[in-house]
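One letter stands for each residue in the lines below.
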Amino acid sequence: TLLPTPTPGGSVWQIVFSACPCTPTLSDCTDEYCTENIYVVNNSGTDLRQIVEGKIGARSPSFSPDGRYLAFEDEREDVSITPTPEEQGHGGLVYPRTYLLDIATGEIMPLGAKRFTRCQWFPDGTRLACYVDSNIYVVSLSETGPIQVASIAQGAQLCAFDLSPDGEHIVYVEENPALSEPRDLNIYRVDVNGTGLIQLATLPAVSYCGSVQWSPNGEEVLITASYNSVVSASDLFLIGTEGQVHPIFHSNHHIFISPRWLANGQHIFFVEYDRERDANVFYIVDRNRVVRTLEIGGLGGSILAGDLSPDQTQFVCAARGLYMADLETGYSAPILTDYQVSFDGITTLFGATGGNAR
């Protein structure tokens with residue numbers, strides 16, 4: 001099998017991540033333009049394996065709920081524009097698409113004929129919601145073609161989208177006009193068959209758009225954005241299915257990293273980096289704006305991205321390596337330090353029986 005057997009004893013789960021191994025020319029793991037591979041490792045740091053060799057750079061790994069497939073982004077064919085070494089990797093003029101790795105056979109195949117990106121698995125594991133050419137599609141693993149669900153307005157661009165927990169709806173955030181500042185954020189909900197499009201709300205004159213995420217019960221969405229002209233400022237908003245907008249939290253100094261709903265649907269987790277103290281601060285916020293904070297030191301810089309463990313007691317993060325921090329005590333420990341971990345969709349966590357936590 002491509003996946004390692006979890007080490008017996010304790011709470012054992014596995015981590016999938018995109019990274020470059022440190023080499024003599026990458027000794028400090030700070031080369032931004034390396035070509036990432038995809039790896040899997042136990043949370044104890046044991047049984048590390050490479051499961052995908054990147055061509056331009058394999059990123060954004062995500063397991064199907066049944067554990068049969070790994071979806072990831074890469075460019076494994078000839079590209080229409082050959083990138084220079086400086087353009088390779090993050091932010092380069094490289095045109096990625098989504099591929100599927102069959103875990104049983106090791107076969108890698110492109111997902112459909114279009115260059116689908118930003119894909120999310122449906123709960124049944126037979127379809128993905130994806131983005132390409134200013135449209136959101138539902139893409140089936142069967143022979144049927146993709147279904148166009150929503151189209152981004154002319155002159156606008158997609159900020160983020162998320163599939164509802166029951167797989168029945170998609171919420172998406174449209175920046176209009178694109179790339180101007182400030183700009184309006186229009187939040188829409190649509191059924192996955194392309195019907196029932198409604199505009200939930202508008203956040204006017206926003207300077208920054210981050211992410212959107214359904215609540216566990218599918219009754220609200222969490223938006224990360226900012227009205228502040230300072231790029232490093234952030235706000236959290238809850239938007240109900242009837243369009244009610246509720247500000248939850250504001251920071252004048254930092255962009256929120258990896259906002260996540262906790263399983264109880266009552267609390268939201270996210271990370272801030274305090275440059276003055278060189279410390280990452282964990283926040284857990286409830287609907288009444290009650291905040292619990294926990295400072296995490298010793299990571300050698302800002303957390304780039306991360307994900308919660310399946311039991312939501314640990315946070316696995318990229319910060320010049322792969323680290324794990326306890327949400328109760330703040331204790332952090334390295335899992336792997338000799339890898340430069342990618343910041344875009346870098347970590348997927350899943351249990352010994354398969355499945356994944358987004």
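Everything discussed here concerns the structure shown above.
Quick summary incoming for the structure in this document.

The rules we used
- Here the residue numbering is sequential within each chain, running from 1 through the sequence in written order.
- Where local features are concerned, this predicted model is filtered to residues with pLDDT of at least 70; where side-chain atom pairs are given and counted, the filter is 80 or more; whole-chain, interface and lining totals use all residues.
- Hydrogens and water molecules were not included; the side-chain quantities draw on all heavy atoms of the structure.
- Only rings of Phe, Tyr and Trp enter the pairing, Trp through its six-membered ring, and a pair is recorded when the two centres are within 6.5 Å. The plane angle decides the type: under 30 degrees is stacked, over 60 is edge-to-face, the rest tilted.
- In this text, helices come from DSSP runs of H or I with a minimum length of four residues, and strands from runs of E with a minimum of two, each type numbered from the N-terminal end.
- Under the scheme applied here, a residue whose accessible area is under 20% of the maximum for its type counts as buried, over 50% as exposed, and between as partly exposed, the area being computed with a 1.4 Å probe on protein chains only.
- Criterion used throughout: strands pair if DSSP finds at least two bridges between them.
- Axes, fitted as lines to C-alpha atoms, cover a helix only where it is in contact. Angles between the N-to-C directions of the axes lie from 0 to 180 degrees.
- Side-chain atoms within 4.5 Å are what join buried Ala, Val, Leu, Ile, Met, Phe, Trp, Tyr and Cys residues into a set we call a nonpolar core.
- Contacts: residue pairs with any heavy atoms within 4.5 Å of one another.

Topic: the packing of aromatic side chains
Inspection of every chain in the model, using the stated rule, returns 14 aromatic pairs. Consider the rings of Tyr172 and Tyr188, whose centres lie 5.2 Å apart with planes at 20 degrees: the pair is stacked. Taken as a pair, Tyr172 in strand E13 (residues 169–176) and Tyr188 in strand E14 (residues 183–191) lie far apart in primary sequence, 16 residues in all. Taking relative accessible area as the criterion, Tyr172 reaches 2% and is therefore assigned buried. You can call Tyr188 buried: its relative accessible area is 14%. Considering the side-chain rings of Phe249 and Phe256, the 5.8 Å spacing of their centres and the 50 degrees angle between planes classify their relative orientation as tilted. Classification of Phe249 as buried rests on a relative accessible area of 17%. What links up through ring pairs into an aromatic cluster is the set Phe249, Phe256, Phe270 and Tyr283.

Quick word on the pairing of strand E27 (residues 332–336)
Taken together, the four bridges between strand E26 (residues 322–326) and E27 define a ladder with antiparallel strand orientation. Each bridged residue has a counterpart across the sheet, and for Met324 the counterpart in E27 is Ala333. Count of turn residues in the E26/E27 antiparallel hairpin: five residues, of which Gly330 carries a positive phi of about 85 degrees.

Observations regarding the sheet that holds strand E20 (residues 257–261)
The strand order across the open sheet formed by four strands is E20-E21-E22-E23, and the pairing between neighbours is antiparallel. Either end of the sheet is taken by a strand with one partner, and the two such strands are E20 and strand E23 (291–296). When strand polarity is set aside, the average angle formed by the axes of neighbouring strands in this sheet is 20 degrees. One ladder, built from three bridges, connects E20 with strand E21 (residues 267–274); its direction is antiparallel.

Points about the nonpolar core
Counting 18 residues, the largest nonpolar core has Val173, Ile187, Leu203 and Ile223 as its most contacted members. Within the residue set of this core, elements represented by two or more residues are strand E12 (157–163), E13, E14, strand E15 (198–206), strand E16 (208–214), strand E17 (220–226) and strand E18 (234–240). No other element matches the four residues that E15 contributes to this core. When residues no more than four places from it in sequence are discounted, the contact partners of Ile187 are Val171, Tyr172, Val173, Ile198, Gln199, Leu200, Ala201, Leu203, Ile223 and Ile239.

Some remarks on the sheet that holds E18
In space, the four strands of this open sheet follow the order E16-E17-E18-E19, with antiparallel pairing throughout. Strands with a single pairing partner mark the edges of an open sheet, and in this sheet they are E16 and strand E19 (245–251). Each neighbouring strand pair of the sheet contributes to a mean axis angle of 20 degrees, computed without reference to strand direction. Pairing analysis gives six bridges linking E18 to E19, with the strands arranged antiparallel. Note that in E19 the partner of Phe237 across the bridge is Pro247.

Let's talk about unusual backbone geometry
Following Asn176, the chain continues to Pro177 via a peptide bond in cis, the omega torsion being 0 degrees. Position of Pro177 among the secondary structure elements: in the loop between E13 and E14. Residues other than glycine seldom take positive phi values, yet Arg118 does so here, at roughly 55 degrees. Locating Arg118 in the fold gives a position in strand E8 (residues 117–121). By relative accessible area, Arg118 is classed as partly exposed at 34%. If you check the backbone angles, Ser258 has positive phi at about 50 degrees while not being a glycine. Relative to the helices and strands, Ser258 resides in strand E20. Accessibility expressed as a relative area gives 12% for Ser258, which makes it buried.

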